Amino acid sequence: MDTQQMHSSPKQAPQQTVQIDGQFELRFQSLFHSGKALAFPCDSHGDVMLDVLSDKALENYLFARAVVGHEYANPVIQVRED
């Protein structure tokens, strides 16, 4: 048996690009303060482009994700109200 046939290179998954058109946001509602929420622009699937967030927005996003269930509710995707 030819050893070269046994060592095939793994197939790479196609890269997906997240396009955020400004229509949607991923919203984390505070569990304790009804008027407090954090919202971040996302695509229709809830994917947030982290590299386009400001440093403060990125910090807030990572914090909100870390405290889901403690400080913030599970995020929801919604149409932006701008």
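Just so you know, the residues in each chain are numbered from 1, in the order the chain's sequence is written. Local features are withheld for residues below a pLDDT of 70 in this predicted model, meaning they are given only at 70 or higher, and side-chain atom pairs are given and counted only at 80 or more; totals for whole chains, interfaces and linings count all residues. Only hydrogens and water are removed before side-chain values are computed, so all heavy atoms of the structure are retained for them.

### Quick look at the overall build of the chain
For step 1, the next point in the chain: Counting from the N terminus, the helices are DSSP H or I runs at least four residues long and the strands are E runs at least two residues long. Scanning the chain from N- to C-terminus turns up 2 helices and 3 strands.
For step 2, the next point in the chain: If you take every contact in the chain between residues at least 6 apart in sequence, the share linking residues at least 24 apart comes to 55%.
For step 3, the next point in the chain: With an accessible surface of roughly 6700 Å², the chain has 49% of that area assigned to carbon and sulfur atoms. Contacts were defined at the residue level, with two residues in contact if any of their heavy atoms lie within 4.5 Å. All accessibility values rest on the Shrake-Rupley procedure with a 1.4 Å probe; residue burial counts only the protein chains present in the view.

### Let's talk about the pairing of strand β2 (residues 37–42)
For step 1, the next point in the chain: Here's how the labels work: a residue is buried when its accessible area is under 20% of the maximum for its type, exposed when over 50%, partly exposed in between, all with a 1.4 Å probe on protein chains only. Only one face of β2 is buried: it carries L38, F40 and C42, and the other face, with A37, A39 and P41, is open.
For step 2, the next point in the chain: Alignment of strand β1 (residues 24–29) against β2, held across 6 bridges, turns out to be antiparallel. Following the sheet pairing, Q29 is matched in β2 by A37. Strand pairing is defined by DSSP finding a minimum of two bridges between the two strands.

### Describing the pattern of salt bridges
For step 1, the next point in the chain: By salt bridge we mean one thing: a side-chain nitrogen of Lys or Arg within 4 Å of a carboxyl oxygen of Asp or Glu. Taken as a whole and judged by the stated rule, the model has 2 salt bridges.
For step 2, the next point in the chain: K56 serves as the salt-bridge partner of E59, at 3.7 Å between the closest nitrogen and oxygen. Linking E59 with K56, this pair stays in helix α2 (residues 55–66), spanning 3 residues, or about one helical turn.
For step 3, the next point in the chain: You can call E59 partly exposed: its relative accessible area is 49%.

### Some points on the packing of aromatic side chains
Aromatic ring pairs are reported here in terms of the distance separating the ring centres and the angle at which the planes meet.
For step 1, the next point in the chain: We call Phe, Tyr and Trp rings a pair once their centres come within 6.5 Å, taking the six-membered ring for Trp, and we label the pair stacked below 30 degrees between planes, edge-to-face above 60, and tilted otherwise. Counting across every chain of the model gives 4 aromatic pairs.
For step 2, the next point in the chain: When the ring of F28 is compared with that of F40, the centres are 6.1 Å apart and the planes differ by 75°; the resulting orientation is edge-to-face. Here F28 is found in strand β1, whereas its partner F40 is found in strand β2, with 12 residues between them in sequence. No difference in accessibility class separates F28 from F40, as the two residues are buried.

### Some remarks on the confidence of the model for the chain
For step 1, the next point in the chain: What pLDDT reports is the predictor's confidence in each residue, on a scale of 0 through 100. The pLDDT averaged across the chain works out to 82; a share of 72% of its residues lies at or above 70.
For step 2, the next point in the chain: The spread of mean pLDDT over the elements of the chain runs between helix α1 (residues 3–6), the lowest at 44, and α2, the highest at 98.
For step 3, the next point in the chain: In the model, residues 1–18 has pLDDT below 50 throughout and makes 4 contacts with residues more than four positions away in sequence or in other chains.

### Here we look at the nonpolar core
Nonpolar side chains tend to gather and get buried jointly when the protein is soluble and globular.
For step 1, the next point in the chain: By nonpolar core we mean a set of buried residues, namely Ala, Val, Leu, Ile, Met, Phe, Trp, Tyr and Cys, connected to one another through side-chain atoms within 4.5 Å. By size, the foremost hydrophobic cluster in this structure holds 12 residues: L26, F28, L38, F40, C42, V48, L53, A57, Y61, A64, V67 and Y72.
For step 2, the next point in the chain: Among the elements of the structure, β1, β2 and α2 are those that each provide at least two residues to this core.

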